[in-house]
Each structure stands twice: as structure tokens, then as C-alpha cells.
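Given next are the chains, with one letter for each unit.
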Amino acid sequence: MDEYLFSGLKVIDAASVIAGPAAAMMLADFGADVIKIEEPGGGDMLRILSNMPGTKEGAKDYMWQMDGRNKRSIVLDLKTHGGLEVLHKLVEGCDVFITNMPYPSRTAFQLTYEDLRPKNPNMIYASLTAYGEKGPERNRKGFDQLAYWARSGLMELMRETETEPAQGLAGMGDHPTAVSIYAGIVTALLKRERTGKGSFVQTSLLANGLWSCSAIAQGVMAGADMEHFRELRKISGYLMRVYRTKDDRWLQFNMVRNEELLNKLFMVLDATHLFLDERFETPMAMYHNREVLGEIVQDIVKQKTAAQWMSLFDQFDVPVNLVGIVEELPFDEQVLANRLASVPEGDETQMPLLVNHPLQISDVEHVPFQNPPKLGEHTRSILQELDYNGQQIQHLISTGAVELLS
């Protein structure tokens, strides 16, 4: 059997949908034995979350294949004595317990850190909430579009003046939050290695949303005048806006940040004559007349296609960026060269490419892709590992405490 960094690490994934399960997947990718706890019926909603039209046969559950890979599945009905007993036995032998269960449910099932710590003092208990462990919203439910995107202020900030706030994309806050959970767990594992003590690890979607907009939020906490800030943002700087090309692609000039690059940019645009215009003859004049200057540049940019412009900018080493579109990612040489997405090994899946989590460490190998488990696929084998005999397993099945793969 191959040895990986986290080989022998036992992880209980008692979370649902994206952030918690994705953190567990990251541990599994580095060799941890991750047992996914699922409820009877449909299991984790992540199994059916994929809904983009036209996906290939064998890849229609693409979200589940991405975030559910390299795990084992057991189906437990925690509303039964037997199901809850099995989970508590799993906790007694685990290294890491991950949950985003609402606190009222944790209390009812005796699955809070205070409940479980006596059973396993060396365990790392990783708790994800929507809005934090304390305060009036402690028990409030929410997912990333609400707690990360809207509640943090990101949703209101990321919009054009006089336009409505835009809804977020699925997982846009969950996946960054998964990295935070993983980082907390790994930090706690290092602490345990040095001290022998377990830890309570916590983060929230709100905390990660606030961290994402902290460049603005910290300014607010330093007393910034947000009314003035919003007024200034009504007109973008001419180098900080996007420009539409002849073929409806978009260019960013944000990296043009000194006089030499600015001269090159205007030379490629064949617009050096604008420096002789009194409205633009100094940087301050350019700023005060940024809206007019931006429209003049836009009229120039729309005369050529994105490919034509990028060829010219590359020729003169002007750092202009083409705004990407997701349709290009499966063929993006930069994405493939850096294993940001890779072809799954073996023939277990028909997924052409699989998006990898963003962590890569030298000499730390990833476990080869293994299909995410079928619902309850490993229920029997996990129970046997817990020393349940055949008669006891049958009793758990007959009482509805567990479900086996049908």
C-alpha cells in the first residue's frame, strides 16, 4: 500500500454540501482515511447539486466527483439510538472530526465539542458555522451566497454604481473557506504533534467573507469615509476599468503602473497625441478627466479584436490582461501545466478533467483519483472495523439505524 503524508489519519466528515466536505477531500487527497457520514434517503445534497446543462454522461454529478472523491460512505440515521451510537464509536477512534451541523442539532445529538472531547481528548474538532460560534446569529443557518457573499458586504461592494447587487456563484465562498478549515486542521495537528493535545478549530463563512473584503473593511475600521469612497468609485480610473474589444472580449490595463508602461500603452493604441491634449497632459489632469479619457480609449480598443490587441501588447511587452472566460479553461495551457485541473487517472470516471484544490507541496504526493463513494457503499465494512458482528449489523439495518448500498 502506498504511503502518503496523511496515511493512517482517520477523519470523520460529518458535514454537508461544500466547504466542510471539500476540506475533508483535501485531507483525503493527501492520504487520510475519510469516512463520509450521510443521512438516509438521498445522502449529502452535494450528490445532486450539479445542474449545468449539457454535461457529459458519466460526469453529470461533477460537483460530487470533485469534492466527494477519495472518501468512504456510511449511512447513519442519527435520530435512532443505533445510528448515533455508531457515530460516537467512530469519534472515539478518529483524529479529525469535521462538522457544519447547526448547533441545535449538535446539542440534540450530543455532538458538540464539549460532548465529544471526553471520548477523544486528542481529537481535532473542526467546526464550520455560517456566522460564527458566538453572538445572536450563532444558530442561524446560511450558505456561502448569504453568509460569505451578502452578509460580509462583498455583495454590495462588487457592483457597478446604480446596479443591483449580483448573486454569487455556487461554491464561490465555500471553496476558499474549505482551505481555511484545512489550514486550521493542519495547524492543530502540528500543535498535537508538539503538545499531545487536541484542539477545537473553528471558522465561519462570514469570517472568510470578511477576510476577502478586508482591504475595504479594514479601511472602514480605520474610520474611512465610505460615502466619499463610493462617490469616487462612481467613475473608474481609466487604467482601472475594463475595455471592450471588437469581438466582445474585455481587456484590463490595471498592471500599467508607471510612466514607461503608460507611454508604451499609448504608443500601441496609437494615441500618444493625447499627451498633448491639455486635458491629459499631467497625471492629475488625466485623473480629473478620467471618464472622458476612458471613453476615448474605449473608442480605440473597439476597433480591433482581443487577439489583435494582445499580439500587439505582447510584442511591446505591455502587461495588459485578457479577461478570461470559463469555456477556455479546459484548454488553458497555464491551468494544465500547473495541474490546476488534471485528467483523472484510471478509467473509473468519464470526467475529462478534474479541478484540483489549490495546495501543492513539493514531494507530497496526491492520492490517485478514486471515484466518490456510492451512498452507503462502505457501511458494512466500516461497521466491521468497529467490531460489529453480523447479528449486530443486521439489527442496525432492521431498525433503520444504518443503510447499506442497495
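Bear in mind that the values here come from a model prediction, so they are computed numbers and not experimental data. (Residues numbered from 1 in each chain as written. Predicted model: local features only at pLDDT ≥ 70, side-chain atom pairs only at ≥ 80, totals over all residues. Heavy atoms only, no water.)

Here we take up the overall build of the chain. Each helix and strand in the chain was counted, giving 18 helices and 12 strands. Across its three principal directions, the C-alpha atoms of the chain cover 90 × 50 × 40 Å. Buried positions account for 44% of the 406 residues belonging to the chain. Counted over contacts in the chain with a minimum sequence separation of 6, partners at least 24 positions apart contribute 68%. Of the accessible surface of the chain, which amounts to about 22500 Å², a share of 54% is contributed by carbon and sulfur atoms. With 39 positive and 55 negative side-chain charges, the chain shows a spacing of 5 Å between the two charge centroids. (Helix = DSSP H or I, 4+ residues; strand = E, 2+ residues; numbered from the N terminus. Buried < 20%, exposed > 50% of the residue type's maximum accessible area, 1.4 Å probe, protein only. Contact = heavy atoms within 4.5 Å. Areas by Shrake-Rupley, 256 points an atom, 1.4 Å probe, with all protein chains shown as cover. Lys, Arg positive; Asp, Glu negative; His and termini not counted. Charge placed at Lys NZ, Arg CZ, Asp CG, Glu CD.)

Positioned with a positive phi, aspartate 248 is a non-glycine residue whose angle comes to about 65 degrees. Inspection of the secondary structure puts aspartate 248 in the loop between β7 (242-244) and β8 (250-252). The class for aspartate 248 is partly exposed, based on a relative accessible area of 47%.

Strand order in this open sheet of 7 strands is β6-β5-β4-β1-β2-β3-β12, and the pairing throughout is mixed. The outermost strands of the open sheet, each flanked by one partner alone, are β6 (199-204) and β12 (402-403). Here 6 bridges tie strand β5 (residues 124-129) to β6, and the two strands are oriented parallel to one another. Note on β6: the bridge partner recorded for isoleucine 124 is serine 199. (Pairing = 2+ DSSP bridges.)

As a further point, take the pairing of strand β3 (residues 72-76). In terms of burial, β3 is a largely internal element, 5 of the 5 residues being buried. The sheet contact formed by strand β2 (residues 33-38) and β3 spans 4 bridges and is parallel. Of the residues in β3, the one forming a bridge with isoleucine 35 is arginine 72. As for the winding sense of the linkage, the β-α-β connection from β2 through helix α2 (residues 62-67) to β3 is right-handed. (Right-handed = clockwise from strand over helix to strand, strands pointing away.)

Right, let's talk about helix α3 (residues 81-92) for a bit. Given 3.6 residues per turn, any residue in an α-helix points the same way as the ones three and four places further on. Compared with an ideal rise of 1.5 Å per residue, which puts 12 residues at 16 Å, α3 spans 17 Å between its outermost C-alpha atoms and is within 8% of the ideal. Considered for burial, the residues of α3 that qualify are Gly82, Gly83, Leu84, Val86, Leu87, His88, Leu90 and Val91. (Expected span 1.5 Å × (residues − 1).)

To continue, consider the layout of surface pockets. Reported here for the second largest pocket is a volume of approximately 850 Å³. Counting residues per element, the ones that place at least two in the lining of the second largest pocket are α7 (154-157), α10 (214-221) and α11 (226-233). Classifying every residue of the lining of the second largest pocket gives 9 nonpolar, 5 polar and 7 charged. (1 Å grid on protein atoms, 1.4 Å probe; cavity = no way out; pocket = protein on both sides within 12 Å on 5 of 7 lines; lining within 4 Å. Points joined across faces, edges and corners; volume = space filled by probe spheres on them. Nonpolar A, V, L, I, M, F, W, Y, C, P; charged D, E, K, R; others polar.)

With that out of the way, let us pick up the side chain of glutamate 137. Position of glutamate 137 among the secondary structure elements: in the loop between β5 and α6 (144-150). Among the polar contacts listed, one links the side chain of glutamate 137 to the side chain of arginine 151, at a separation of 2.5 Å. With near-sequence residues (within four places) excluded, glutamate 137 lies in contact with Tyr131 and Arg151. (Polar contact = N/O pair within 3.5 Å; in protein donor to acceptor, adjacent residues only side chain to side chain.)

Before going further, it helps to spend a moment on the pattern of salt bridges. Per the stated rule, a full pass over the model turns up 20 salt bridges. For the salt bridge of aspartate 33 with lysine 10, the shortest nitrogen-to-oxygen distance reads 3.9 Å. In this pair, aspartate 33 sits in strand β2 while lysine 10 sits in strand β1 (residues 10-14), placing the two residues 23 residues apart along the sequence. Judged by its relative accessible area of 39%, lysine 10 falls in the partly exposed class. For aspartate 95, the salt bridge goes to arginine 192, with nearest N and O atoms at 3.1 Å. (Salt bridge = Lys/Arg side-chain N within 4 Å of Asp/Glu carboxyl O.)

Moving on, we come to the packing of helix α1 (residues 19-29) against helix α8 (residues 174-195). The contact between α1 and α8 brings their axes to 8 Å, and the two run at 55 degrees. Between α1 and α8, the angle is such that the two are oblique. By crossing handedness, the relation of α1 to α8 is classed as right-handed. Counting all contacts with α1, which are made through Ala19, Gly20, Ala22, Ala23, Met26 and Leu27, the residues of α8 involved are Asp174, His175, Thr177, Ala178, Val179, Ile181, Tyr182 and Ile185. Looking at the contact of α1 with α8 residue by residue, the classes come out as 10 nonpolar, 3 polar and 1 charged. (Axes fitted to C-alpha atoms, helices over the stretch in contact; angles between N-to-C directions. Parallel < 35°, antiparallel > 145°, perpendicular 65-115°, else oblique. Left-handed = near helix turned anticlockwise from the far one by under 90°.)

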